[in-house]
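Structure assessment
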Amino acid sequence: MSLDWIYYAISWILLTWHSAWDAIGVPVGAVIGTNFAWILSIVFLVVTVRVILFPVFVKQIKSQRAMQALQPKVKELQEKHKGDRETLQKEMMELYKKEKANPLMGCLPMFLQIPVFLGLFHVLRRLDPAKQSKDLYGWTVNQFESASQAKLFTAPIAGKFGSTADELARLGANGTTVKVIAGILVLIMIGTTYLTSRQMILKTGWAEDPQQRMIQRLMLYGIPLSLLISGAIFPIGVIIYWVTNNLFTLGQQQWVLRKFPPPVTAKKTTSPAGVRNPVQPAKSGGLFGRGKSAPQTPVKATAPKVAAPKPGAKPVNPKKSRPAKRQG
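A brief look at the structure comes next. (Residues numbered from 1 in each chain as written. Predicted model: local features only at pLDDT ≥ 70, side-chain atom pairs only at ≥ 80, totals over all residues. Heavy atoms only, no water.)

This part is about the environment of Gly237. With respect to the helices and strands, the residue Gly237 is situated in helix H11 (residues 236-259). When the C-alpha positions of Gly237 and Leu152 are compared, they lie 8.8 Å apart, and in sequence the two are 85 residues distant. (Helix = DSSP H or I, 4+ residues; strand = E, 2+ residues; numbered from the N terminus.)

Rendered as structure tokens:
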């Protein structure tokens, strides 16, 4: 299957934004070693894609709310079919189908962005001055040459941490500078990828469903760790896209979670003696998991109990006994 339509679409968005920045006076040449017109074109490629995918993001939030509402029923099924994994999975799939909840919806926005990521990766890899075909996917020769010379703090956006000496020579780049800029961006990419997943889990909580919990762990730990290796082959322009996308996601999730907070489910536990445990103060988890405990209701002070006198002790204020009247 040809992916040319993706490459044409990505190229068109990039070139449209670049023309827009040029029209409003953003310098095309390098300022502080950076070609801001091309950097902003990549940033607003993210904005364009996220605006298009916003309805999908809303569906993702609604699906997560539905999954959260089903947690008590999922827990009941787990207790009922404990040890019978096949029956448990069958019953849970029937439950999801009945309640119209999709456990994979949480990954849908990310999956839909994969073609955009791959398209940008392919387009930026083409920005090699040694290539003879410079007019593919709607690019003109002048646009191609301008983009191939675009830099971020003197590091070409087509360069990568793992660029060979020959590739760096064709781009006219310094190997140390490219590695430093790319390395810093990869670390930022890993950190922001971790935070986007952590932010959602802190607000919605860990899923009871093993399949859903496995997806949460994969997004929280697996994907950031994989970027530590794969980040070496990403062009700097692609990493800029990824970091911008993560920052956009953090802001969008924060807005949606504040506007549509997840339902609060109260859990009642009992001690072995059958007495309810005291309710712990709720925490409002922040981005890094540091939350402030809710203020506790002040306990009214009670008067101290006076201890009874010990046997045989003299009273402090003994009452004077009156002599009994003699009977006449």
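That shown, we press on.
Turning next to the packing of helix H1 (residues 4-23) against helix H6 (residues 108-125). At a minimum axis separation of 9 Å, H1 and H6 run at an interaxial angle of 75°. Relative to H6, the element H1 lies roughly perpendicular. Counted together, Ile6, Tyr7, Ile10, Ser11 and Leu14 of H1 and Pro115, Val116, Leu118, Gly119, Leu120, His122 and Val123 of H6 form the full contact between these two elements. Class assignment of the residues belonging to the contact of H1 with H6 gives a composition of 9 nonpolar, 3 polar and no charged. (Axes fitted to C-alpha atoms, helices over the stretch in contact; angles between N-to-C directions. Parallel < 35°, antiparallel > 145°, perpendicular 65-115°, else oblique. Contact = heavy atoms within 4.5 Å. Nonpolar A, V, L, I, M, F, W, Y, C, P; charged D, E, K, R; others polar.)

Quick look at the side chain of Thr196 now. Looking at where Thr196 falls in the secondary structure, it is placed in helix H9 (residues 175-204). Of note is the side chain of Thr196, whose polar atom sits 2.7 Å from the backbone oxygen of Thr193. Discounting chain neighbours no more than four positions away, the residues touching Thr196 are Asn246, Thr249, Leu250 and Gln253. (Polar contact = N/O pair within 3.5 Å; in protein donor to acceptor, adjacent residues only side chain to side chain.)

Counted by the stated rule, this structure contains 4 salt bridges. A salt bridge links Lys160 to Glu167, with the nearest nitrogen and oxygen atoms 3.4 Å apart. Assessed through its relative accessible area of 23%, Glu167 is described here as partly exposed. Its salt-bridge partner being Arg170, residue Asp166 comes within 2.4 Å of it at the nearest N-O pair. Taken together, the residues span about one helical turn, with Asp166 and Arg170 both in helix H8 (residues 165-171) at a distance of 4 residues. For Arg170, a relative accessible area of 29% gives the class partly exposed. (Salt bridge = Lys/Arg side-chain N within 4 Å of Asp/Glu carboxyl O. Buried < 20%, exposed > 50% of the residue type's maximum accessible area, 1.4 Å probe, protein only.)

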